[in-house]
Amino acid sequence: ELNTVQRMLNVFWNVCVFTSTYMELDGFSGDLALPDVEGHLRSEDRWLLSKMNSVIQGTTKSMEEMNFLHATRRLQQFILDDLSRWYVRLARGRTWVESDDPDKLACYFSLYYAINRLLRILAPIVPHLTEEIHRKMMDGEGSVESVHLEDWPEVEGALIDDKLERSMEITQSLVESALAARQKS
C-alpha cells in the first residue's frame with residue numbers, strides 16, 4: 001500500500017512539474033477565469049472540470065463520514081487514471097504550441113483548476129508535499145501564502161456533466177481495450 005501511495009504522489013508531483021514548467025515558460029499565472037476560456041474548452045477540458053467537481057463532491061462526503069479510505073482511493077484513481085494517464089496525455093501536445101493560443105490557455109486553465117483544488121483536498125493528508133507544490137505553482141494573484149490557509153474547495157455543480165463523464169468512461173474503456181489487444185498481439 002505504501003508503494004502504491006508513493007507511486008501516486010510521484011505521479012502527482014510529475015504532473016505538477018510538467019504543468020508548471022510549461023505554464024512558467026508561457027507566463028501563465030492562473031489568473032484566468034472560466035468565462036475567459038469557456039469558448040475554447042475542448043470536451044476533454046470540460047470533462048476534467050466536471051470530473052474534478054465530482055471528485056470534490058465525493059471526497060467531501062467521504063471525509064464528512066470519516067471514510068478516509070474511500071476518500072483517498074477516489075483521489076488516487078483521479079490522479080493516476082483521469083489526470084495523468086488520460087487528460088495529460090490528451091492535452092500534452094497543446095502545451096507545445098509556441099503562441100498565446102486560446103486552445104493552449106484553455107488547457108492551462110483546466111490543469112490549473114484541477115491541481116489547485118487537488119492541493120486543497122490533499123493538504124490534510126499530505127501537508128508537506130502539497131505545501132511545496134502550492135508554493136511553486138500557486139503564486140498568482142489572489143492566492144494565499146500557504147495551501148493550509150486556503151478554503152476547502154466548493155463543488156461547482158454547474159460544471160458537473162454526468163453524461164460527459166459517462167461518455168468519457170466508455171471512451172477510456174475502449175482505448176484501454178484496444179491497447180490491451182494491441183499489446184497481446
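In case you missed it, the structure is sitting above this.
Below, the structure is looked at part by part.

Procedures and definitions
- Residues numbered from 1 in each chain as written.
- Predicted model: local features only at pLDDT ≥ 70, side-chain atom pairs only at ≥ 80, totals over all residues.
- Heavy atoms only, no water.
- Salt bridge = Lys/Arg side-chain N within 4 Å of Asp/Glu carboxyl O.
- Helix = DSSP H or I, 4+ residues; strand = E, 2+ residues; numbered from the N terminus.
- Buried < 20%, exposed > 50% of the residue type's maximum accessible area, 1.4 Å probe, protein only.
- Contact = heavy atoms within 4.5 Å.
- Disulfide = S-S within 2.5 Å.
- Phe/Tyr/Trp six-rings, centres within 6.5 Å; stacked < 30°, edge-to-face > 60°.
- Lys NZ or Arg CZ within 6 Å of the ring centre and 35° of its normal.
- Axes fitted to C-alpha atoms, helices over the stretch in contact; angles between N-to-C directions.
- Left-handed = near helix turned anticlockwise from the far one by under 90°.
- Nonpolar A, V, L, I, M, F, W, Y, C, P; charged D, E, K, R; others polar.
- Parallel < 35°, antiparallel > 145°, perpendicular 65-115°, else oblique.
- Core = buried A, V, L, I, M, F, W, Y, C linked by side-chain atoms within 4.5 Å.

What follows concerns the pattern of salt bridges. Taken as a whole and assessed by the stated rule, the structure comprises 13 salt bridges. Lysine 104 serves as the salt-bridge partner of aspartate 26, at 3.0 Å between the closest nitrogen and oxygen. Of this pair, aspartate 26 sits in helix α1 (residues 2-26) while lysine 104 sits in helix α5 (residues 102-122), and the two are 78 residues apart along the sequence. Residue lysine 104 is classed as buried on the basis of its relative accessible area, which comes to 0%. Linking arginine 42 and glutamate 44 is a salt bridge whose minimum nitrogen-to-oxygen distance equals 3.5 Å. For glutamate 44, a relative accessible area of 11% corresponds to the buried category. Look at the salt bridges and you will find they share partners, linking Arg42, Glu44, Asp45, Arg94 and Asp103 into a network.

Let us now look at the side chain of glutamate 131. Among the secondary structure elements, glutamate 131 is positioned in helix α6 (residues 127-137). Once you skip the residues sitting within four places of it in the chain, glutamate 131 turns out to touch Glu145, Ser146, Val147 and His148.

Evaluated as defined, the whole model comprises 0 disulfides. Residue cysteine 16 stays outside any disulfide, its sulfur separated by 14 Å from that of cysteine 107, the closest cysteine. Owing to a relative accessible area of 3%, cysteine 16 belongs among the buried residues under this scheme.

If you walk through the whole model with that rule in mind, you get 4 aromatic pairs. Ring centres 6.1 Å apart and planes at 75° place the aromatic pair phenylalanine 28 and tyrosine 112 in the edge-to-face group. Here phenylalanine 28 is found in the loop between α1 and α2 (34-37), whereas its partner tyrosine 112 is found in helix α5, with 84 residues between them in sequence. Accessibility classification places phenylalanine 28 together with tyrosine 112 in one group, the buried group. An aromatic cluster is defined as three or more aromatic residues linked by ring pairs; in this entry it consists of Phe28, Tyr108 and Tyr112. Over the face of the ring belonging to phenylalanine 18 we find arginine 92, whose NZ or CZ atom lies 5.6 Å from the ring centre. A cation over an aromatic ring shows up here: arginine 117 above the ring of tyrosine 113, its NZ or CZ 3.6 Å from the ring centre.

Further remarks concern the packing of α5 against α6. Interhelical geometry of α5 versus α6 gives an angle of 145° and a closest axis separation of 9 Å. The way α5 lies across α6 gives a crossing that is left-handed. Of the residues in α6, those touching α5 at Tyr112, Ile115, Leu119 and Leu122 are Thr130, Ile133, His134 and Met137. Classifying every residue of the contact of α5 with α6 by side-chain character gives 6 nonpolar, 2 polar and no charged.

Our focus in this paragraph is the packing of α1 against α6. Two elements in contact, α1 and α6, have axes whose closest approach is 11 Å; the angle formed by their N-to-C orientations is 5°. Considering the angle they form, α1 stands roughly parallel to α6. Contacts between α1 and α6 involve Leu9, Phe12, Trp13, Cys16, Thr19 and Ser20 from the former and Leu129, Glu132, Ile133 and Met137 from the latter.

A separate point is the nonpolar core. Ranked by internal contacts, the top residues of the largest apolar core, which has 49 residues, are Phe12, Met52, Ile115 and Leu118. Of all the secondary structure elements, the ones that give two or more residues to this core are α1, α2, α3 (43-64), α4 (68-91), α5, α6 and α7 (162-184). The element best represented in this core is α5, accounting for 13 residues. Once residues within four sequence positions are removed from consideration, leucine 118 is found in contact with Phe12, Met52, Leu75, Phe78, Ile79 and Leu83.

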